[in-house]
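# Observations on the three-dimensional arrangement
Chain residues, written in single-letter form:
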Amino acid sequence: MKKKAYLGIDIGSISTKGVIIDENNQFLAECYLWTEGNPTEASKKVLHELRIQFDQEHYQVVASGTTGSARKLVGAMLGAQVVKNEITAHAVGTTALHPDVRTILEIGGQDSKIICVENGVAVDYAMNTLCAAGTGAFLSSQAHRLGVAVEQFGEIALSAKKAAPVAARCTVFAESDLVHKLQVGYPKEEIIAGLCKAVAGNYLNNVAKGKKILSPVVFQGGVSKNAGVVKMFEEELRMPVIVDEKGHLMGAFGIAILARESRQEEAFSFDAADMEFKTREVTCGKCANHCEIICVYRGKELIDSWGNRCDRGAIR
Amino acid sequence: MGQIHTIGIPRGLMAYRSGVLWKAFFEELGLSCVISPKSDRQILEKGTKRAADETCLPFKLYLGHVESLLGECDAIFVPRMGGYRPKEKMCTRYEALPDLVKNIFRNQHPNILTVSYDWYDHTDEAKVYLSLGAALGRSKSESKKAYGAARKKMDQWMKAKEKKQNILLEGDGLKILAAGHPYVLHDPFMGGEISRLLGKMGATVVFTDYVNREKALKRSYHFSKVMPWIINREMTGAVMLLRERVDGIVLLSAYPCGPDSLVNDMLVRKVKEIPMLSLTLDAQSGAAGMETRVESFMDIIRYQKAGGYGNH
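The numbering scheme is per chain: residues are counted from 1 as the chain's sequence reads. Chains and ligands are labelled sequentially in the order written, the chains with letters from A and the ligands with numbers from 1. Predicted model: local features are reported for residues with pLDDT of at least 70 only, side-chain atom pairs are reported and counted for 80 or more only, and whole-chain, interface and lining totals are derived from all residues. Side-chain metrics in this entry use all non-hydrogen atoms of the structure; hydrogen atoms and water are not considered.

Residues and elements named next belong to chain A. Each pair of strands is called paired provided DSSP finds at least two bridges between the two strands. Strands here mean DSSP runs of E at least two residues long; helices mean DSSP runs of H or I at least four residues long; both are numbered from the N terminus. Here five strands make up an open sheet; going across it, the order is E3-E2-E1-E4-E5 and the pairing mixed. The open sheet is flanked by strand E3 (27-34) and strand E5 (82-83), the only strands paired with a single partner. In the packing of helix H9 (residues 250-261) onto the sheet, the strands contacted are strand E1 (3-11), strand E2 (15-22), E3, strand E4 (59-67) and E5, and the crossing angle to E1 comes to about 135°. When checking whether two residues touch, look at their non-hydrogen atoms; a contact exists if any pair is within 4.5 Å. For helices, the fitted axis covers only the stretch in contact; all axes are lines through C-alpha atoms, and the angles between them, taken along N-to-C directions, range from 0 to 180 degrees.

Structure, rendered in C-alpha cells:
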C-alpha cells in the first residue's frame, strides 16, 4: 500500500510555494516560483513541478491545503481540505521545526508580519498596514535603481564598513534620498547596507511596534535570504536571528500539516495542473451594496463563488 | 423655522447612541420621524463625494445619510454636542457638526434643526431638551413631558440591550467583545461586517456599548483619570468590566480617529491578559480585506484553548 502524503500551497503576491510532506513532516517535494500576477497559472506550474519530484509509486497525496492571499481561489481549484490564513500556517510550520521559537519575523514581497509564540502556540500577531515600504518589493526596486541584482544585496551589504543613513520610512522618500546619497559620494555598498538597516529598523518600528521580541527569533520570507538584513536585525535586537534553509516554504509546510490534521482524506489528483480555470467577477444588483462576487469556473462548470455579504447574492 | 411635521434623522454618528431618545422625543411631541436607511455602498459614495478627503469614515457616511434625507422631511436633525463635563467631552467633529452640514449642503438649503450643549454651559440633558422643544415652538411643559417619556423609552431600550447581552455572556461558546464607538460597531458598512465575519467563524459577539453606561463611565476612571472623551470612557470602562467574561477583544476604529489612535494604543499596552486585535477601517475598503486578520485572531484563541497545534 502507498504511504500517505500531504500537499500544501502558499500563494503570495510575489511568489508561490508548494510542498509535499509525509506523516513525519519530511519534505518529499518542494517548489518556489514567481506568481507573476497570475495565481492560477503559478499554482499549476507548482503542481507540475511537484509532480515531477514526487515519488508517486510509493506515496499518495490524501489531503491538500492552501494559504496566502490567493488561498480561496487556488483552494477551490484543488478542492483543498483546508483553506487558512497565512498567520496560522506560518505559526504551525515554524513551531513544527522550531518547537521553542518565541518570535517569528516575516518579510515577504508585499507584506510583513510578526507572530509572537508562547508554549508552541501563537499568542499575538501584527501585519503591516497600508504601505509596503521595507518589504521585498521595495528592496527589488531599489536594487534596480542601483543596477545591482537584489540577490547580491546581502553579500554587498556585509562588505560595507558602515551603513549610510537612508530614509526608508516611505518608498518615495527613499528613492530621492538614495539619489542624493549617491550624488554626495557615498560608496554603493554603504548605501546598500543602509537600505538593509532601514528595512530592519522600519520593521521593528512599525510592524513590531509594541511587541515584545523574545529569543529564539526565527526570520522568514523572501527578505530573510538577504544576509545584510539578517545582520541588521541581529544588531538591532542584540540576539541571534535564526534563518531556516526552508524558511521560504514555512507557509506551505504549515498548511500541509493542517491538511493532515484535518483528518479529511481524499485521493488527490494532479490533474488540476492541466485543467482550464477561469474567474469572473459579477456585480450583485440585489441591493445598493453592489457586492463584487468572484466566480471560479473549471472549464464551463462553476465550482465556487464568494464575495457576497448576504444570501441574496449567493450564486451557489 | 416653518411648520415642521416630519424630522429626518441621519442614521450615523451619535444616532447609534442616542437615536432612540431623539426619535421618542420628537414623536412624543406629535412629530413623525424619517430615519435614513442602513449604510450601504451608495451612501458611502454619496458622502465621500461631499466630504473633505481627510475627514473620518463615519463622518463621510454621515454626510451620505444627510443627503439621502434631502427632500424626504421638513427638517434634518443635526445636534451640536460638546459633552456635559470637561472629562466627558465629545470629539471636535460633534462640536462642529451643524455648521459642517450647513456649509457642505449650502446649495441644497436643507432645513437643519439643531440644539447645542457644551460642558462650559453648565447645562444638563433635561435643559437641552427644553431648548430643543422651544426651537420647535413647544411650551416648556410640553417639552418636559415629552423628554420624560422619551428618557424612559431610552432607558428601557438600553436595559433590554444589557439584559440580552448578559444572557449571551452567560452562554457557552467563544465570546468576542467588539470595542469601539457605537456608530462604528453597528454600522453595517463598518463593524457590522466584522461582526458578520466573527459570527461566520463561530463567535458570539458582544459590544462595549451594550454595557450599563453609568457603570462603564465610572469604571473608566480606573483606566485613566484624565482622558477627555465620553465615548472612549464608556468603551474603555466596558472593556474593564467585561474583559474577564470574554475570550478575546477586537478594537474597532475608523480611520482617521484622533481619540481612538491614542486610547486604543493605550488599551493594547495596558490590557495584557487577554487576546486583543486592533483593526482600523478606512474609506477605501471599509471592512474588506479584514477576513485574514479576523481569521488569524480566531485561530490564535482557538489553538490556545486547545493547547497547541499538535504538529510535532
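Read on for the rest.
This paragraph deals with the domain arrangement of chain A. Residues and elements named next belong to chain A. For chain A, the assigned domains read domain 1 (3-93 + 251-274), domain 2 (99-243) and domain 3 (277-313). Each partner contributes to the interface: domain 1 provides six residues, whereas domain 3 provides seven residues. Accessible area that two parts lose when put together, with a 1.4 Å probe and added across both, is what the buried area reports. Overall, the association of domain 1 and domain 3 removes approximately 580 Å² of surface from exposure, summing both partners, and the carbon and sulfur fraction of that is 79%. The salt bridge criterion pairs a side-chain nitrogen of Lys or Arg with a carboxyl oxygen of Asp or Glu, the two atoms within 4 Å. On the surface where domain 1 and domain 3 come into contact, there are zero salt bridges. For the side of domain 1 that touches domain 3, the leading source of residues is helix H2 (residues 71-78), giving four residues. For each domain, the first and last residues come from an automatic or database assignment.

Here we come to the sheet that holds strand E9 (residues 217-220) of chain A. All names here are of chain A. What the five strands build is an open sheet, ordered E8-E7-E6-E9-E10; its pairing is mixed. Since the sheet does not close on itself, it has two edges, and those belong to strand E8 (121-127) and strand E10 (241-242), each with one partner. Strands strand E6 (103-107), strand E7 (112-118), E8 and E9 of the sheet are contacted by helix H3 (residues 86-97), whose axis makes an angle of about 50° with E7. Across the sheet, helix H7 (residues 188-205) touches E6 and E7, and the angle it forms with E6 is around 125°.

With that settled, the discussion passes to the pattern of salt bridges. All names here are of chain B. This structure, assessed with the given rule, holds 27 salt bridges over all chains. Between lysine 305 and aspartate 247 there is a salt bridge whose closest N-O contact spans 2.8 Å. Here lysine 305 is found in helix H13 (residues 291-306), whereas its partner aspartate 247 is found in the loop between helix H11 (230-242) and strand E11 (248-254), with 58 residues between them in sequence. Only protein chains enter the accessibility calculation, which uses a 1.4 Å probe; a residue whose area is less than 20% of its type maximum is buried, one above 50% is exposed, and one in between is partly exposed. Accessibility expressed as a relative area gives 55% for lysine 305, which makes it exposed. A relative accessible area of 16% means that aspartate 247 is categorised as buried.

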